[in-house]
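Each chain, letter by letter, is given below.
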Amino acid sequence: MEHKDLSLKLKVWRQKNSKDNGHFESYDVKGISTEMSFLEMFDVLNERLINEGQDPIAFDHDCREGICGMCSMYINGRPHGPWHGTTTCQLHMRAFKDGDTIVVEPWRAGAFPVIKDLTVDRTALDRIIQSGGYISVNTGNAQDANAIPIPKHNADKSFAAATCIGCGACVAACKNSSAMLFLSAKVAQFAYLPQGQAERETRVIDMVDQMDKEGFGSCTNTGACEAECPKEISISNIAALNKEYTLAKLKAEN
Amino acid sequence: MAINSKIPAGAIESKWEDYKSHVKLVNPANKRSIEIIVIGTGLAGASAAATLGELGYKVKAFCFQDSPRRAHSIAAQGGINAAKNYQNDGDSTYRLFYDTVKGGDYRSREANVYRLAEVSANIIDQCVAQGVPFAREYGGMLSNRSFGGVQVQRTFYAAGQTGQQLLLGAYSALERQVALGTVKMYSRHEMLEIVKIDGKARGIIARNLITGELERHFGHAVLLCSGGYGNVFFLSTNAMGSNVTAAWKAHKQGAFFANPCYTQIHPTCIPVSGDHQSKLTLMSESLRNDGRIWVPKKQNDNRKPNEIPQDERDYYLERRYPAFGNLVPRDVASRAAKERCDAGYGVGSSKQAVYLDYASAIERYGKIEANKHGIEDASHDEIVRLGKEVVKEKYGNLFDMYEKITGENPYNVPMRIYPAVHYTMGGLWVDYELMTSVPGLYALGEANFSDHGANRLGASALMQGLADGYFVIPYTIGNYLADEIRTKAIPTDHQAFVDAENSVKNRLHTLINIKGTKSVDHFHKALGKIMWDKCGMARNAEGLQSAIQEIRALREEFWKDVRIPGALDEFNPELEKAGRVADFLELGELMCNDALNRNESCGGHFREESQTEEGEALRRDEEFSYVAAWEFKDGKSWELHKEHLTFESVKLAQRSYK
Ligand SMILES: Cc1cc2nc3c(=O)[nH]c(=O)nc-3n(C[C@H](O)[C@H](O)[C@H](O)COP(=O)(O)OP(=O)(O)OC[C@H]3O[C@@H](n4cnc5c(N)ncnc54)[C@H](O)[C@@H]3O)c2cc1C
Ligand code: SF4
Ligand code: FES
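Computed from a predicted structure; not experimentally measured. (Residues numbered from 1 in each chain as written. Chains lettered and ligands numbered in written order. Predicted model: local features only at pLDDT ≥ 70, side-chain atom pairs only at ≥ 80, totals over all residues. Heavy atoms only, no water.)

1. Points about the domain arrangement of chain B
Residues and elements named next belong to chain B. Spelled out, the test is: Residue ranges assigned to the domains are those given by an automatic or database domain assignment. A contact between two residues is defined here by any heavy atoms of the two lying within 4.5 Å. Here the buried area means the combined drop in accessible surface, using a 1.4 Å probe, for two parts upon being joined, counting both sides. Between Lys or Arg on one side and Asp or Glu on the other, a salt bridge is scored when a side-chain nitrogen of the former is within 4 Å of a carboxyl oxygen of the latter. Whenever a nitrogen or oxygen atom comes within 3.5 Å of another N or O atom, the pair is scored as a polar contact, on the condition that within protein one atom can donate a hydrogen and the other can accept it, and that pairs from neighbouring residues in sequence are kept only if both atoms are in side chains. Basically, the charged four are Asp, Glu, Lys and Arg, the nonpolar ten are Ala, Val, Leu, Ile, Met, Phe, Trp, Tyr, Cys and Pro, and anything else, Gly included, counts as polar.
Split into domains, chain B comes out as domain 1 (15-262 + 425-484) and domain 2 (266-421). On a C-alpha basis, the centres of domain 1 and domain 2 stand 32 Å from each other. Residue-level contacts link 25 residues of domain 1 with 27 residues of domain 2. The largest share of the area that domain 1 buries against domain 2 comes from Q77, L235 and T237, three residues that together contribute 28% of it. Inspection of the region where domain 1 meets domain 2 yields zero salt bridges. At the boundary of domain 1 with domain 2, the tally comes to eleven residue pairs in polar contact (both at pLDDT 80 or more). Residue composition of the side of domain 1 that touches domain 2, grouped by class: nine nonpolar, 14 polar and two charged.

Following this line, the structure appears as structure tokens:
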């Protein structure tokens, strides 16, 4: 691939800790190859800041392959930046032009307090899973894996929902900071499988309750989550979840 | 200290059954007062923590990421092996065992590998019960694919995201136990020391990565499930945070480190594109199922790949290894790629790459689809279109990833690939019960050395991690804890905890006060270069000796001149990195020592001095049929202990894939 070098202006959110108010800081960066990933550009900038005796920018990342869900930058007003279906770590500098200004912020949501700079606390998502995002089966209880045939169609749909990486971009994209897309993906994964049926009703009720407790907003169907989800989790899962929830509630009341 | 691998007596097929029937048990009431610390929440750690919690133990689990779900296991792509024989193609426990021992170039422990093969089928059952959405056929049955080094189809998969799905299954089980109160989860915590009391592992010192506080945690036993150390090379397919620190602290507290030089260099990764490179991306081995690997027959051929006619291409794996073709094991495929590139046949701008080509697979699948749909005389374009759809369904996410990184569309032009560091077979020495040489300290998953010998077969790490966590440790740990039921929780104001915390504190103070001039990454990159050049795909005595000197000098410079910004009592990723690189700088030296000591070639370890006339790895069984277990001595050197390997069920043979 041919590559070019870019000069860019970065405006990055700096916040010392959860108590600090935070502010934007500007940085000029030069010699950024279009072959670099977005995070590699931050590596270059951080190396420079360290050499200049300044505090480098803290950001979350680990796999850099778009699968662990750790990276989480809000780039020019969009979680994970301009490329559709792509995490921050997989975004490459080819997406930008020489001279561009790029504004980078952390996920912003009441349920995701900032830890430092671009790093936020997403443990609320773990607690939603704790409230019911599993099938209750102890190790050793299982029967032969082929004992229950699962139609390919259902298995595929279950898989598609299960590819959620738990990054929280859907929350960051939503003006209500709702975690519905995340939650619905987990509910859908199990709803398509025979193994998921036993706890189907309690699961959805408990998980929605937990989401409310964590301070995520409610879903008003704006669709921003689906548009920004790096794994292209379908918003139809939310519609299905709403149905599941209503039915489960009705059953629980009867 | 002598080595005792505690392999049960009896025939290989009955060792594990016998062991399980006679192992000591801990009754449920006693389990409730026994505490277990689990470091790591990858496949090994999450499955162990969840299962031990289910059994009623009090578990504390730690990971350095913000959520246990993000452990490096999440990135595994291609699949997980199991001897289910669902394809009726002749698979069996024995065959999986045999393939693994052979694939590991006869440098693994038979009894462990047999047990691994035995429990492999249970893993698939367990995962399906948890709701792991493996790929299925239209009839609703589970689908399998082939992986390298074997001739049966025993690999279960979920598109190119098998690790993700398996880990989410284990993570869900873990979170269920967190909700039930049997497991307490500490994310964004890094274990920085093992606490030993009367020779036994009794706890850890961990740093809360958000506040920087040091914490003391007691446990009747400690499980290290902290993953592999491939990042000693700086560039690898591992996640950025993968590190050796937990295992290294254990090593310095007396746990032997086994076969540190056994490194797996994976043949199919996206090549390095420049100095900015922070990591390398794997293109799953499953791609070798359908893709064909080639280079031009002419040296320095600068034509575009699609302009090179068939008869001017060298499908070198098919040529050299007709029986296995593109599916030879990883070590063989990697060396063959290096050989071609070193000889001047490499492609791309760096010439350090070979082609992985999907054109013929697309055509083959396209024709099958056309037949299926009864399309007669399908045009070439039609066939290609249909074929691309099939390939997309099988490997879509990998192809997308390739395109995002390189900007090239692999459906139309062959991918460029090159070998990269991927996995470490070496690790903490453990006995049959997965206990290290420190009583009460265990190692599971990639962190231990036990099952893969000198080369791991594809789709076997996920199997091993889950085998260790779900089906081995829950039994073997009882054998130790049964004698600990009278041990009360030791208060963490015990002098051993105080001392351990002080030593961690001092080290962190020293690091941050160096206030030198060079970043942590500077040193990490320099170390990586030494390791790659001299302890990488090919090694020789001279290179290894000079690597040892260079690493020592670099380590000295690090402790004089590293610059770590920020403070100790805050969120400080540079400080975390510094601690890890400091440990890599010691590990690197041990790896070179081990590679130097092992003057034979086996699996991923290729000593140039020991090769056949055709350039294949030449083992020297008489001298080297042992596990090299290194003991850290007197705070500065190592003593070698040999665990001799005996092969009763598999006949030692020179590996051949021809
Ligand atoms: C890109 C890629 C693809 C792969 N694909 C396959 C495949 O298809 N099939 C296959 O079988 N294998 C595959 N592998 C190998 C396999 O994924 C790993 O070997 C395996 O997942 C390791 O699991 P683990 O549980 O041992 O460790 P990891 O998943 O690495 O987990 C380590 C855990 O330890 C924690 N930890 C580490 N140090 C500390 C510390 N000091 N304090 C606290 N916590 C700590 C981490 O937070 C993490 O939770 C692949 C590997 C890579 C890199
Ligand atoms: S639904 Fe999409 S955006 Fe939301 S957490 Fe999952 S992957 Fe991220
Ligand atoms: S760093 Fe793992 S998804 Fe981006």
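Let us keep going from here.
2. What to know about the sheet that holds strand 15 (residues 415-424) of chain B
Residue and element names in this part refer to chain B. As a reminder, the rule being used: At least two DSSP bridges between two strands are needed for those strands to be called paired. For the purposes of this entry, the term helix denotes a DSSP run of H or I that reaches at least four residues, the term strand denotes a run of E that reaches at least two, and both are numbered from the N terminus.
The strand order across the open sheet built from five strands is 11-15-14-12-13, with neighbouring strands paired in antiparallel fashion. Every other strand in the sheet has two partners, leaving strand 11 (263-269) and strand 13 (313-314) as the edge strands with one partner each. Pairing analysis gives three bridges linking strand 14 (residues 354-357) to strand 15, with the strands arranged antiparallel. Each bridged residue has a counterpart across the sheet, and for V354 the counterpart in strand 15 is I417.

3. Concerning the packing of helix 3 (residues 152-162) of chain A against helix 5 (residues 180-191) of chain A
All names here are of chain A. To keep things clear, this is the line we draw: Helix axes use the C-alpha atoms of the stretch in contact, all axes being lines fitted to C-alpha atoms, and the angles between their N-to-C directions lie in the range 0 to 180 degrees. By definition in this entry, angles of less than 35 degrees are roughly parallel, angles greater than 145 are roughly antiparallel, angles of 65 to 115 are roughly perpendicular, and the rest are oblique. For any pair of crossing helices, the crossing counts as left-handed if the nearer helix is rotated counterclockwise from the farther one by less than a right angle, and right-handed if it is rotated clockwise.
Running from amino to carboxyl end, helix 3 crosses helix 5 at an angle of 155°, the nearest separation of the two axes being 8 Å. Taken together, the axes of helix 3 and helix 5 lie roughly antiparallel to each other. In this structure, helix 3 crosses over helix 5, and the sense of that crossing is left-handed. When helix 3 is examined against helix 5, the residues S158, A161 and A162 are found in contact with a partner set consisting of A185, A188 and Q189. Across the contact of helix 3 with helix 5, the residue classes tally to four nonpolar, two polar and no charged.

4. Quick look at helix 1 (residues 15-22) of chain B
Residues and elements named next belong to chain B. Put simply, the rule is: Burial classification: accessible surface area is computed with a 1.4 Å probe over protein chains only, and a residue below 20% of its type maximum counts as buried, one above 50% as exposed, and the rest as partly exposed. Arc definition: directions from the helix axis to the C-beta atoms.
Of all the residues in helix 1, the buried ones are K15, W16 and Y19. Considered in projection along helix 1, the buried side chains sweep an arc of 90° and stay on one side of the axis. Those residues of helix 1 that are buried lie in contact with helix 5 (110-130) and helix 13 (461-481).

5. Topic: the environment of S637(B)
All names here are of chain B. Tracing the chain through its elements places S637 in strand 19 (residues 637-644). Note on S637: relative accessible area 32%, which makes it partly exposed. On a C-alpha basis, the gap between S637 and T487 in space is 34 Å, while along the polypeptide they are 150 residues apart. Excluding residues that lie within four positions of it along the chain, S637 makes contacts with E631 and F632.

6. Let's talk about helix 3 of chain A
Taken residue by residue, helix 3 of chain A has K152(A), A155(A), S158(A), F159(A), A161(A) and A162(A) as its buried positions. Packed against the buried residues of helix 3 of chain A are helix 5 and helix 8 (236-253) of chain A together with helix 6 (162-180) and helix 12 (380-406) of chain B.

7. Overview of the packing of helix 5 of chain A against helix 8 of chain A
Residues and elements named next belong to chain A. Look at helix 5 against helix 8: their axes get within 8 Å of each other, and the N-to-C directions meet at 70°. By the angle between their axes, helix 5 is roughly perpendicular relative to helix 8. Contacts from M180, L181, L183, S184, A185, V187, A188 and A191 of helix 5 reach helix 8 at N237, I238, L241, N242 and E244. Classifying every residue of the contact of helix 5 with helix 8 gives nine nonpolar, three polar and one charged.

8. Description of the site of ligand 1
Test applied: The cutoff for a nearby residue is simple: one of its non-hydrogen atoms must lie within 4 Å of the molecule or strand. Per-residue and other accessible areas were derived by the Shrake-Rupley procedure at a 1.4 Å probe size, with only the shown protein chains allowed to occlude residues.
Residues in close proximity to ligand 1 total 39 residues, the closest being Q65(B), S73(B), G78(B), E446(B) and L462(B). Residues within reach of ligand 1 are spread across chains A and B. F64(B) places a main-chain nitrogen or oxygen 3.1 Å from an oxygen atom of ligand 1. Within the side chain of S73(B), an N or O atom sits 2.5 Å from an oxygen atom of ligand 1. Starting from 1,000 Å² of accessible surface for ligand 1 in isolation, the protein chains cover 98%. Every element with two or more residues in the shell around ligand 1 is listed here: helix 3 (43-55), strand 6 (189-197), strand 15 and helix 13 of chain B. For the shell around ligand 1, the element with the most residues is strand 6 of chain B, which contributes three residues.

9. Comments concerning the site of ligand 2
Close contacts around ligand 2 come from C164(A), I165(A), G166(A), C167(A), G168(A), A169(A), C170(A), L181(A), F182(A), C229(A), P230(A) and I233(A), and that covers them all. Within the residue set of the shell around ligand 2, elements represented by two or more residues are helix 4 (169-173) and helix 5 of chain A.

10. Remarks on the side chain of E40(A)
Heads up, the condition is: A residue counts as positive if it is Lys or Arg and as negative if it is Asp or Glu; His and the chain ends are not included.
Counting through the fold element by element, E40(A) comes out in helix 1 (residues 38-51). Within the buried set, E40(A) has no salt-bridge partner at all; the shortest N-O distance to an opposite charge, 5.0 Å, is to R64(A). Other than its neighbours up to four places away in sequence, E40(A) contacts E35(A), R64(A), H276(B), Q277(B), S278(B) and K279(B).

11. Description of the packing of aromatic side chains
Residues and elements named next belong to chain B. Stated formally: What counts as a ring pair is set by centres within 6.5 Å for rings of Phe, Tyr and Trp (its six-membered ring), and what kind of pair is set by the plane angle: stacked under 30 degrees, edge-to-face over 60, tilted for all other angles. Definition used: whenever NZ (Lys) or CZ (Arg) falls within 6 Å of the ring centre and also within 35 degrees of the ring normal, the charge is taken to sit over that ring.
Counted by the stated rule, this structure contains 31 aromatic pairs over all chains. Taken together, a centroid distance of 5.7 Å and an interplanar angle of 80° make the contact between F558 and W559 edge-to-face. A residue is classified by how much of its surface remains accessible, and W559, at 27% relative accessible area, is partly exposed. The side chain of R598 reaches across the aromatic face of Y626, ending 5.1 Å from its centre.

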